[in-house]
Amino acid sequence: MFKKYDIIVVGGGHAGCEAAAAAAALGSSVLLATMNMQTIGQMSCNPAIGGVAKGQIVREIDALGGLTGVVTDKTMVQFRMLNLSKGPAMWSPRAQSDRFRFSEEWRLLLEKNKNIDFWQEMISGLLIKNNKIIGVETSLGIKIHSKAVVLTNGTFLNGKIHIGEKNFGGGRSGESAAKGITEQLISLGFNSGRMKTGTPPRVDGRSLNYLKMEEQTGDKKIGSFSFKNIEKPNKQKSCYITYTNKKTHEILSSGFEKSPMFTGRIKGVGPRYCPSIEDKITRFREKERHQIFVEPEGWETVEVYVNGFSTSLPEETQFSALKTLPGFEKVKMFRPGYAIEYDYFPPTQLKKTLETKIIENLFFAGQINGTTGYEEAASQGLVSGINAHNKNRNLKPFVLSRAEAYIGVLIDDLINKGTDEPYRMFTSRAEHRILLRQDNADLRLTKKGYEIGLADVKRLKTVQNKEKQINKLLSLIKKEKLIPKKINGFLKKNKSAEIKESTTVFKLISRPHIGLYDLLSYLNKKDFSVFSLDAIEQVDIQTKYKSYIEKEREMVKKMKTLEDKKIDPKIDYNDVFSLSNEGKGKLIKIKPATIGDASRISGVSSSDVSILMLYISNKRKK
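Here is a short report on the structure shown in this document. Predicted, not measured: the structure shown is a model, and the values here were computed from it.

Scoring rules and cut-offs
Residues numbered from 1 in each chain as written. Predicted model: local features only at pLDDT ≥ 70, side-chain atom pairs only at ≥ 80, totals over all residues. Heavy atoms only, no water. Pairing = 2+ DSSP bridges. Helix = DSSP H or I, 4+ residues; strand = E, 2+ residues; numbered from the N terminus. Axes fitted to C-alpha atoms, helices over the stretch in contact; angles between N-to-C directions. Contact = heavy atoms within 4.5 Å. Buried < 20%, exposed > 50% of the residue type's maximum accessible area, 1.4 Å probe, protein only. Lys, Arg positive; Asp, Glu negative; His and termini not counted. Salt bridge = Lys/Arg side-chain N within 4 Å of Asp/Glu carboxyl O.

## Overview of the sheet that holds strand 13 (residues 202-204)
Item 1. As summarised here, the arrangement of the six strands in space is 14-15-16-17-13-18, forming an open sheet in which the pairing is antiparallel. Two strands close off the open sheet at either side, each with one partner strand: strand 14 (214-216) and strand 18 (333-335). Put simply, the sheet's adjacent strands are angled 35° from each other on average, direction ignored.
Item 2. Taken together, the three bridges between strand 13 and strand 17 (residues 303-307) define a ladder with antiparallel strand orientation. Looking at the pairing, Arg202 lines up with Tyr305 of strand 17.
Item 3. The sheet strands contacting helix 8 (residues 315-322) are strand 13, strand 17 and strand 18, and the helix crosses strand 18 at an angle near 145°.

## Some points on the sheet that holds strand 5 (residues 92-97)
Item 1. Read across the sheet, three strands follow the order 3-5-4 without closing on themselves; strand pairing throughout is antiparallel. Pairing within the sheet leaves two strands with one partner each, and these edge strands are strand 3 (48-50) and strand 4 (76-82). Along the sheet, successive strands turn relative to each other by an average axial angle of 15°, direction set aside.
Item 2. In the sheet, strand 4 pairs with strand 5 via six bridges, with the strands oriented antiparallel. Bridge assignment links Gln78 to a residue of strand 5, and that residue is Gln96.

## Some words on the side chain of Lys280
Item 1. With respect to the helices, strands and loops of the structure, Lys280 is situated in helix 7 (residues 277-283).
Item 2. The buried charged residue Lys280 lacks any salt bridge, with Glu278 as its nearest oppositely charged partner at 9.3 Å.
Item 3. Discounting chain neighbours no more than four positions away, the residues touching Lys280 are Pro275, His290 and Gly308.

This is the structure:
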């Protein structure tokens, strides 16, 4: 029935979709194996993409030639740029999506690629020969052979759903758990753990009174995730905000004795930064209310996602508590919220390419690595798909550094630090975040995407044209001088100090409250009318934050010396005298590839790094 594939991708979620799309676009023959073809690209939790740091990741995926940004732009119902009151390193795009169209768009895009075949069935085992993957085995006993396998199992590995005192096997509401793979991997020497996540109830929007809530509209200027300039919607749907209250908290607390969280039935560790509603009212007892976001699930459906109300309490407790929210007095519930426990594999067992250290040509991506979120999963899927393709063809591994992309920060954190709780990306995790902005993802990464064969020549030429415009505009504003008489009216209007002698446009826009676009509009000079809004924005940011950007680049150069110092994979750390016991244990376990990697391992001290560098230096001299 089956040919031998280059790559088999197990799982059709966000990681699986990006992995299959990337590998197939590069020319690999791919089989996407999923338990349910109707849920490919499913938004299992909130119907939204992006947010703080996550939006940056999606723009990076797009710049490299991935598809999550494209799918989001085609299916968005609302767009907002978050944190505009802060510096540009914090600006983060976020879009509400039509959940049904999002999944449909992903499936249609995958089906258009003739290099992708599909198979609907549970994968229950891996075929391995001489510590190398050679394929998979299905629950029906069918053996399908391949050169590489990418596991993107999400929450399905031995998944267990909890609602109050009830619990049952499942990888998602209405879908079965996946069995067999965890046990086999453990027998091969892998370590595994359990994690937990949750989801809120879904309700009938027709039963809500939106007049009692705060309306949250989209941005007037609709932005995008993709640099491909996809047509934007001509209207947007509003979200709404309501709040819990004392009565809500009392009702929720009354169900604690039946809560799987508080009775110990849930063993897995949950996400610290996305707590359940019962966790919130326990941890923050002093707070009288908590914000709840009421989010539409699509253009046509009446189904509504109650963001901020994730819970595993009994369904009757959930329903009673919901009715106390302003605007929810007559609420009808479509389905209750639930918690789900699932298996994951600590990511310190992976290489930078996301290939496992134990089994050759076996790659892990997404929640199997302990991450949470569509965006984190999609980025890992993209990287694993590229690297599975490259490994099969003896091409150079595709690795992004911490200074190049949030994706690089994510993977570096996972493989060197590991995680014992669901990992979520934040801007604070990136030490070079002023360089890793959402607005310059194309300038940073499109050339790399083109070099590996994922981003097409049209994208490359668009970026090259943007770079030319930026350089030309920078040159112009450094030369263009303005006299006080011509510009002081504008400065006064913008509450900025007036000038007494001629000064350049470049110096003026270095001021915090003077925007280049507004200034150029005021000047109304034809010389500047040829420049795109993107180029103007880039020049504005690069000028205002010039000193910070230069400082970051200097830091990157210094760090590069550590990143370039390779560690012999055969090194015996027991021979490295004076290492701390904790440091030695972590180095033996993780086997970092470079001194830079070693320096970021939790438990490896700066003195351990110095001792290691001295040892390597002395070895080379000999």
